[in-house]
Amino acid sequence: MRHIRTRMGVVGAALLTAAPLALTAPSATAASPAAVTARQSAAAPTVEEQRLSQRVPQEILRRSGFAGVAGTFADGLARVDSYGAAKRYVTEAGRGLWRRAVDRVQGRGPQGGDLSRDDDRPLYWARLGMTKALREWQPDFRLTANQRDTLMGALERGSRGQDSIDLPGGGRSTSKARVLRVVVTGFDPFQLDADARRSNPSGAAALALDGTTVRTSSGRLARVETAVFPVRWADFAAGTVERTLLPYFRRGPRQADLFTTISQGRPGRFDLERTNGAWRGGYPDNARESRTGTVPVPKGVPTVRPQPQWTTTTLPYAQLTAASTGPFPVRDNTAVTEIPAGGSSPVERPDGPTPGSTAREGGGGDYLSNEIGYRATLLRDALKLKVPGGHLHTPVLQFGAGNTDPKTGEVTDPDFVRNRTTITGQVRSILTTALSVAPGIMEK
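Just so you know, these numbers come straight off a predicted model, no measurement behind them. Throughout, a residue's number is its position along its own chain's written sequence, starting from 1. Per-residue local features of the predicted model are confined to residues with pLDDT of at least 70, and side-chain atom pairs are confined, for both listing and counting, to 80 or more; whole-chain, interface and lining totals are unaffected and use all residues. The side-chain figures draw on all heavy atoms in the structure; neither hydrogens nor water molecules are used.

K.L.:
Whenever I open this one, the overall build of the chain confuses me. Can you help?
P.N.:
Within the chain, the secondary structure is distributed over 13 helices and 14 strands. With 444 residues in all, the chain has 55% of them scored as buried. Accessible areas in this description were obtained via Shrake-Rupley with a 1.4 Å probe; residue shielding takes into account the shown protein chains only. A total accessible area of about 17,500 Å² is found for the chain, and carbon and sulfur atoms account for 52% of it. Numbering goes from the N terminus for both helices and strands, where a helix is a DSSP run of H or I of at least four residues and a strand is a run of E of at least two. Only protein chains enter the accessibility calculation, which uses a 1.4 Å probe. A residue is then buried if its area is under 20% of the maximum for its type, exposed if over 50%, and partly exposed in between.

K.L.:
In this structure, what is going on with the nonpolar core? I would like to understand it.
P.N.:
What tends to happen in soluble globular proteins is that the nonpolar side chains get buried as a cluster. Phe-73, Val-90, Trp-125, Leu-134 and Trp-137 are the most contacted members of the largest nonpolar core, which has 41 residues in total. It is helix H5 (residues 83–105) that provides the largest number of residues to this core, a total of 10 residues. Only buried residues count toward a nonpolar core, which is a set of Ala, Val, Leu, Ile, Met, Phe, Trp, Tyr and Cys residues joined through side-chain atoms within 4.5 Å. Counting 25 residues, the second-largest nonpolar core is a separate cluster that includes Val-214, Phe-270, Leu-320 and Ile-441.

K.L.:
I tried to follow the sheet that holds strand S13 (residues 358–361) on my own but got confused; where do I start?
P.N.:
Sheet strands line up and pair through hydrogen bonds in the backbone, either parallel or antiparallel. One open sheet holds the 3 strands; their spatial order is S12-S11-S13, and the pairing between them is antiparallel. This sheet does not close on itself; its edge strands, each paired only once, are strand S12 (347–349) and S13. Across this sheet, the average inter-strand angle for adjacent strands is 40 degrees, counted without regard to direction. Think of it this way: DSSP has to see at least two bridges between two strands before they count as a pair. As defined by bridge partners, strand S11 (residues 336–339) adjoins S13 across 3 bridges and the pair is classed as antiparallel. From the neighbouring strand, Glu-338 faces S13, where its bridge partner is Ala-359. Axis lines are fitted to C-alpha atoms, over the contacting stretch for helices. Their N-to-C directions set the angle, which ranges from 0 to 180 degrees.

K.L.:
How do you make sense of the sheet that holds strand S3 (residues 221–229) when you look at a structure like this?
P.N.:
Strand order in the open sheet made by the 7 strands is S2-S3-S1-S4-S14-S5-S10, with mixed pairing throughout. Of all strands in the sheet, those bounded by a partner on one side alone are strand S2 (212–215) and strand S10 (330–333). Strand-to-strand twist of the sheet, defined as the mean angle between neighbouring strand axes without regard to direction, takes the value 30 degrees. Here strand S5 (residues 270–273) pairs with strand S14 (residues 389–394) via 3 bridges, running antiparallel. Bridged to Asp-271 within S14 is His-393. Here, two residues are considered to be in contact whenever any of their heavy atoms come within 4.5 Å of each other. Contacting strand S1 (180–187), S2, S3, strand S4 (258–264) and S14, helix H8 (residues 201–209) runs over the sheet at an angle of about 135 degrees to S3.

K.L.:
Please clarify how the pattern of salt bridges should be interpreted in this entry.
P.N.:
Note on pairing: side chains with opposite charge can pair once their charged atoms come close. Salt bridge criterion: a side-chain nitrogen from Lys or Arg within 4 Å of a carboxyl oxygen from Asp or Glu. Summed over all chains, the structure comprises 32 salt bridges. When the shortest N-O distance is used, the salt bridge between Arg-160 and Glu-156 registers 2.7 Å. Linking Glu-225 and Arg-223 is a salt bridge whose minimum nitrogen-to-oxygen distance equals 2.7 Å. Judged by its relative accessible area of 2%, Glu-225 is buried. One network of salt bridges, with partners in common, ties together Glu-48, Arg-127, Glu-156, Arg-160, Asp-188, Arg-232 and Asp-235.

K.L.:
What am I meant to see in the side chain of Arg-121 here?
P.N.:
Position of Arg-121 among the secondary structure elements: in helix H6 (residues 121–136). By relative accessible area, which is 0% here, Arg-121 ends up buried. Within the structure, the side chain of Arg-121 is placed 2.6 Å from the backbone oxygen of Arg-197, a separation counted as a polar contact. Setting aside anything within four residues of it in sequence, one finds Arg-121 in contact with Ile-60, Leu-115, Pro-189, Arg-197, Arg-198, Ser-199, Val-411, Thr-412, Phe-416 and Arg-420. Any pair of N or O atoms that falls within 3.5 Å is considered a polar contact. Within protein, one atom must be able to donate a hydrogen and the other to accept it, and sequence-neighbouring residues count only if both atoms are side-chain atoms.

K.L.:
It is not clear to me how the environment of Val-90 should be interpreted in this structure. Could you clarify?
P.N.:
With respect to the secondary-structure elements, Val-90 resides in helix H5. On the basis of relative accessible area, Val-90 is assigned to the buried category, the value being 0%. Spatially, the C-alpha atom of Val-90 lies 5.8 Å from that of Leu-155, the residues being 65 residues apart in sequence.

K.L.:
Help me understand the confidence of the model for the chain, please; the structure alone is not making it clear to me.
P.N.:
The predicted coordinates should not be examined in detail at positions where pLDDT is low. Residue-level confidence of the predictor is summarised by pLDDT, bounded by 0 at the bottom and 100 at the top. Residues at a pLDDT of 70 or more form 88% of the chain, whose mean pLDDT is 91. Every residue in residues 4–39 is under pLDDT 50, and counting partners more than four places away or in other chains gives 75 contacts.

K.L.:
Teacher, can you tell me more about helix H4 (residues 69–78) here?
P.N.:
In an α-helix, one full turn covers 3.6 residues, which means residues spaced three or four apart are oriented alike. Every buried residue belonging to H4 is among Val-69, Thr-72, Phe-73, Gly-76 and Leu-77, and all of these are buried. Down the axis of H4, the buried set is contained in an arc of 140 degrees. They therefore lie on one face. Check the buried side of H4 and you find it contacts H5, H6 and helix H7 (145–159). Regarding the arc, it is the one traced by the directions from the helix axis to the C-beta atoms.

K.L.:
Would you mind going over the environment of Asp-332 with me for this structure?
P.N.:
Tracing the backbone through its elements, the reader meets Asp-332 in strand S10. Distance from Asp-332 to Glu-273, taken between C-alpha atoms, is 6.6 Å for residues 59 residues apart in sequence. With residues up to four places along the chain from it excluded, the contact list for Asp-332 reads Leu-272, Arg-274, Tyr-317 and Thr-321. A distance of 2.5 Å separates the side chain of Asp-332 from the side chain of Arg-274, its partner in a polar contact.

K.L.:
Would you explain helix H3 (residues 55–64) in this entry?
P.N.:
In terms of burial, H3 is largely enclosed, as 7 of its 10 residues are buried. Among the residues of H3, those classed as buried are Val-56, Pro-57, Glu-59, Ile-60, Leu-61, Arg-63 and Ser-64. Where H3 is buried, its residues meet H5 and H6. At the C-terminal side of H3, Gly-65 shows a positive phi close to 85 degrees.

Here's what the structure looks like:
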């Protein structure tokens, strides 16, 4: 996911899962007059939720079997009779949606329609249907604005896999036998006002890889756990990245051995972003909001002080760019845009930042793809985590030559599916290669 001005210019939740849930919404009961009086007015849908009524999202939901998710979730909410029960229900429903999306992509359970299994978009649009239902819910008991926000946060985290990362344990004493631990993150689709059909190959790769194992060239197994993030400035400022990654960056029996944040980047190539910059460029997000300024570090998480202008990848870029991992070239992207020390105007630097400079674009630009790479590597440095980690940009996911007009085009086509599965397959290959060649990995 890129926006580079100087270089590119661009429930019961039983129906949410294939298995029954332990949590069942309570039976409906008659509301007292006082409870009815306490009902809150329905909140207006967000910008993202407003797009749900368009033809494309509805077709994606229908052709994937996810069309009934929001309605089932809303029916369950209507039977919840306390905040505690609501919190349990919403949390399990969110996790159920994530499990269902992962299962669909990985070939478990019903396909639900003719949309290809590798598609990440049903998860995105179904989640928005659920958040809209939760936003509009008027319970028969008092629900404060803070409580509703807490429920919304639980739904977001659960349906993005952020609270279900399950890395295997194992200490140094059993290092030769234990499974290596890998954390990978992707993103929602974005730039949907221009084309609501868009998919994000980083999100598709996250769904395809979650809970899977890969084998290194020496035969070691590595467990991959994933999560996806919203394309929203506000969520990043609130600490969603740090909150998700911190438990696996801290020292302990489930500390990650390798991590990579992933987003969609340039056409026709993968980029390993050598340097991340501490600058938000202001391009509108999925909520049509803009943010410009230094990346804000949330309170309460470990960080480096003073805040650095640049962070650097520790992924084995030299080995990965030399390896054969798939049909797309993998580039070591060293370019940044900086304001040099003592200067006042941005300057492009093809070989990385100069001493004392101020960031204006990292290798990954000045949008949320650069920011997630910056946040993850800043957290790595704050915790002195000595593992390979950084940001990977995938090629742009493109529709077939005869299907490029968003007004008249189909929501999918054979080239579109082939391009997405090829990108996902190469992401897996890049991860496997990184685990096989990164210095220090095999001694763990």
